Every structure is written in C-alpha cells, then in structure tokens.
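Observations on the model geometry
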Amino acid sequence: MLLKNTLKSLALVAAGLLVAGQALAGAITPEQYQKVVDEAYAKFKGVKDGANADYIPILAKVPSDMFGIALVTRDGKVYAAGEQQYEFSIQSVSKPFTASLIMAEQGPAAIREKIGVEPTGLPFNSKMALELYPARSVNPLVNAGAIAAVSMVEADSEEDRWNKVYNNIQAFAARDLQVLEEVYESEMSEVWGNRAIANLLYNYGRLYADPEESLRVYTRQCSIGINTRDLGIMGATLANEGVNPITNKKLLDKEDVPELLAIMATAGFYDESGEWMYRSGLPAKTGVGGGIVAVVPGKFAIATFSPPLNEAGNSVRGLKAINHIAGELGVGLYGPNTGE
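Residues numbered from 1 in each chain as written. Predicted model: local features only at pLDDT ≥ 70, side-chain atom pairs only at ≥ 80, totals over all residues. Heavy atoms only, no water.

1. A few points about the confidence of the model for the protein
For the protein, mean pLDDT is 89; residues scoring 70 or higher make up 87% of the total. Scored below 50 in pLDDT, residues 12-26 makes 18 contacts in the model with residues more than four places away or belonging to other chains. (pLDDT = per-residue confidence, 0-100. Contact = heavy atoms within 4.5 Å.)

2. A short note on unusual backbone geometry
The phi angle at Ala174 is positive, at roughly 65 degrees, despite the residue not being glycine. Residue placement: Ala174 occurs in the loop between helix H7 (158-173) and helix H8 (181-189). (Helix = DSSP H or I, 4+ residues; strand = E, 2+ residues; numbered from the N terminus.)

3. A word on the sheet that holds strand S2 (residues 78-82)
Strand pairing within a sheet occurs via backbone hydrogen bonds; the two strands may be parallel or antiparallel. Judged by pairing direction, the sheet is antiparallel, and its five strands sit side by side in the order S2-S1-S7-S6-S5 without closing on themselves. Both outer strands of the open sheet, S2 and strand S5 (284-286), are each paired with one neighbouring strand and no more. Going from strand to strand, the sheet's axes swing by 10 degrees on average, the running direction of each strand aside. Bridging between strand S1 (residues 68-73) and strand S7 (residues 300-305) involves six bridges; their strand directions are antiparallel. Residue pairing across strands places Gly68 opposite Phe305, the latter belonging to S7. (Pairing = 2+ DSSP bridges. Axes fitted to C-alpha atoms, helices over the stretch in contact; angles between N-to-C directions.)

4. Concerning the nonpolar core
As a rule of thumb, nonpolar side chains are buried together in soluble globular proteins. By size, the foremost hydrophobic cluster in this structure holds 63 residues, and its most contacted members are Ile111, Ile224, Leu231, Met234 and Leu238. Filtering out sequence-adjacent residues up to four positions away, Leu231 remains in contact with Phe88, Val93, Ile226, Gly291, Ile292, Val293, Ala303 and Thr304. Of all hydrophobic cores here, the second largest spans 32 residues; its members include Ile28, Val36, Leu71 and Tyr79. (Core = buried A, V, L, I, M, F, W, Y, C linked by side-chain atoms within 4.5 Å. Buried < 20%, exposed > 50% of the residue type's maximum accessible area, 1.4 Å probe, protein only.)

5. Section: the pairing of S2
Bridging between S1 and S2 involves five bridges; their strand directions are antiparallel. Within S2, the position partnered with Ala70 by the bridge is Ala80. A loop of four residues connects S1 with S2, the two strands running antiparallel in sequence, and Gly76 in this loop sits at a positive phi of about 90 degrees.

6. Notes on the packing of aromatic side chains
Going through the model one piece at a time under the given rule, you end up with eight aromatic pairs. On the basis of an interplanar angle of 10 degrees and a centroid distance of 5.7 Å, the ring pair of Tyr86 and Phe305 is categorised as stacked. Residue Tyr86 is located in the loop between S2 and strand S3 (88-89), and its partner Phe305 is located in strand S7; the two are separated by 219 residues in the primary sequence. When the ring centre of Tyr208 is taken as origin, the NZ or CZ atom of Lys114, which lies over that ring, is 5.4 Å away. (Phe/Tyr/Trp six-rings, centres within 6.5 Å; stacked < 30°, edge-to-face > 60°. Lys NZ or Arg CZ within 6 Å of the ring centre and 35° of its normal.)

7. Looking at the pattern of salt bridges
Throughout the structure, instances matching the rule amount to 11 salt bridges. Of the charged contacts, one joins Asp253 and Lys250 as a salt bridge, the two residues approaching to 3.0 Å between their closest N and O atoms. On the basis of relative accessibility, which here comes to 35%, the residue Asp253 falls in the partly exposed class. Each member of the salt-bridge network shares a partner with another, and the members are Glu87, Arg175 and Asp230. (Salt bridge = Lys/Arg side-chain N within 4 Å of Asp/Glu carboxyl O.)

8. Digging into helix H10 (residues 211-222)
With 12 residues, H10 should cover 16 Å at 1.5 Å per step; its first-to-last C-alpha distance of 16 Å lies within 8% of that length. Along H10, the residues that are buried comprise Pro211, Glu213, Ser214, Leu215, Val217, Tyr218, Thr219, Gln221 and Cys222. Residues of H10 that are buried in the fold lie against S3, helix H3 (95-106), helix H6 (143-152), H7, H8 and helix H9 (192-203). Its side-chain oxygen 3.1 Å from the backbone nitrogen of Glu212, Asp210 forms the N-cap of H10. (Expected span 1.5 Å × (residues − 1). Polar contact = N/O pair within 3.5 Å; in protein donor to acceptor, adjacent residues only side chain to side chain.)

9. Here's the deal with the side chain of Lys95
On the secondary structure map, Lys95 appears in helix H3. Buried charge without a partner: Lys95 forms no salt bridge, and the closest opposite charge is Glu187, 9.4 Å away. Among the polar contacts made by the side chain of Lys95, one reaches the side chain of Ser92 at a distance of 2.9 Å. Discounting residues that sit within four places of it in the chain, Lys95 has contacts with Pro140, Leu141, Val142, Asn143, Ala146, Tyr218, Gln221, Tyr270 and Lys285. (Lys, Arg positive; Asp, Glu negative; His and termini not counted.)

10. Description of the environment of Met66
Position of Met66 among the secondary structure elements: in the loop between helix H2 (30-44) and S1. Met66 sits in the buried class, given a relative accessible area of 16%. Among residues more than four places away in sequence, those in contact with Met66 are Glu83, Tyr86, Phe305, Ser306, Pro307 and Arg317.

11. Structural notes on the pairing of S7
Of all six residues that make up S7, six are buried, and the element is covered over most of its length. Neither face of S7 is open: one carries Phe300, Ile302 and Thr304, the other Ala301, Ala303 and Phe305, and all of them are buried. Relative to S7, strand S6 (residues 291-296) runs antiparallel, the two sharing six bridges. Looking across to S7, one finds that Ala294 is bridged to Ile302. Linking S6 back to S7 in an antiparallel pair, the connection comprises three residues, with Gly298 at a positive phi of about 80 degrees.

12. Details of the packing of H6 against H9
Axis separation between H6 and H9 bottoms out at 10 Å; the angle between their running directions is 65 degrees. Along this stretch, H6 crosses H9, giving a crossing that reads as right-handed. Here Asn143, Ala144, Ile147 and Ala148 of H6 come into contact with H9, specifically with Asn194, Ile197, Ala198 and Leu201. Class assignment for the residues of the contact of H6 with H9 results in six nonpolar, two polar and no charged. (Left-handed = near helix turned anticlockwise from the far one by under 90°. Nonpolar A, V, L, I, M, F, W, Y, C, P; charged D, E, K, R; others polar.)

Below, the structure written as structure tokens:
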C-alpha cells in the first residue's frame, strides 16, 4: 500500500506539472531557447572530466570530444548546438521507451506488479539487488528490470518480440533507425553479467520469456543507433502527453505518462538519481553510450550526447548542460532549481 501511494503521489505531481507546463507554454521565446542551449554548449564543451565506458569494448573507441545538445518542444521545434548527426548507441536510454510499450500493451499496473517501481540505490547492473529485494527486478530502468520488460512484450517469437521493441523506439524517434551491429557484437561478447541477471530472474519466476531470447533482444535494443535530435524527439513525445510531435502518432495514453515520468524521476540516473533530482528537478534517463534525455512535462525535452561518464555511469558534460538549461529556464518539477 505504501508503494502504491508513493507512486500515485509522484504521478499526481507529474500530472499537475503537465497542466502547469501547458499553461506556461509560449512563455519562453524561441530566442531564449536557442540562447540557453548555445550557452550550455559553450560553457561545457571544454570539460575534460570523466571517461568513456570500456566494459563494452567498442564504447571506448567513440570520440570523447563529441558533444551535442537538442532541446525539442512539445510542438516539434528543435533548438540545437554541437554534434547532431553522429549516431551513438542508445543503451539504457531505451529503457523507459520499452517500459512505455509494456504500459501501452498491458497498462501501468503490469510494470508495478511484474517488475517493480522502486529505485535500487545500487549500480544499474547490480546482481546483489536481485538478492536484496523480494521483487528481484525492482524497476524497469536498471538492467534486471529492463530485461524483464523485454520478456513481457506480447510476442509469438523472438523475431516478433524484437520487431515490436524496435518499431516502438523508431516510432518515438520519428524515423527509421539502424542497429549498430559492431556495438551489438561487442556487447554480446561481454554479456556475462547480464546473462547471470537473466538466469537469476528466470529462476525466481520474474522473467517471462526464455532467458537467452530476452537477453539477445535486450542487447540488440541497447545497440540501436540514434543521434541527439532523435533523442530529443523521443523525450518531447513524453512531454507532449505521449503523442509524437513530428508524426502526431499517439504512442502512450496521456493518463499513463505520469507513471512513466515518476519512474524516470526516481531511477533514471541509477544510484545518482537523488542527486540528479536535487540539482535539476527533472525526470530523465541516462545511458552509458553518452546519451541523456530529460523531460519537462507539457513543455519540452532536453537531449544531450557526450561519451565521457562519471563513476555512476552518467555523461559528465550532458548532466552539466541539462542542469544549466533547467536552472536558467526555471523548469524544475518542484520549482526553479539553481542547477548547482
């Protein structure tokens, strides 16, 4: 009951802010949007902190000086700076969008009942979390919960499961996307930790398809190539009540968006989620490929790409840029954050 009430409270906050965001839409001019994006790019492009992920070998080879920002409004207008065309692997930024697919197919309750919605307070690839928490997978934004989410997709075969996951992410990005096969092969060559997680979940009755099939589809999902603008459009779809601002296609019922944003707010930055919300006040999702997407309900999304990560696995330049933009525009969920 406590868990249910907590999630409901977070969802109501997000829903209220969605209405507030709609009321404020237009208060920020196009010039202001572009100015603050340009400022963030100029301020943080020279930051040298962090290092590329190397536990997936190919990620260590991505140019570490790449840096892009795209702010996309709920009506599809794009304000960008820096690298926009480079395609990087989506990695864990894909997780909320597959969770949204489960919500669209089965409703938000399925996420809570079959995966869970609590943050772990542990690293995103933790196997210890499966032993510490009775729900095992805990939430769909860590590896265990994300593999479980893939296994929940209603499918008759592995090909069917993959096509549903793939087409859903393409629908959010509003264009055809390609799997970065070199990334997939690199990940599968070092997939032992996630294989252990999948097998443990299956053992505990918290995986809902064959472990190897679920693992392959999940790893392929993480290997989809996107660019910064794509990621901004994906986030803007959530800012726009689940309707893609480019295609006008509804991908998630607006009544279910607050629950998804609530999970992003509490677990989108892994074991750094509390620090992130303290500084930025925005639901967001990060990935070890260097991408981050943050959502301002009813208004816009901010996407960034920069490969060097901090110890928690979050893009250093990206989080600084989003903090700056959110602080300058005063759009934190609970009021204007300073971004400091």
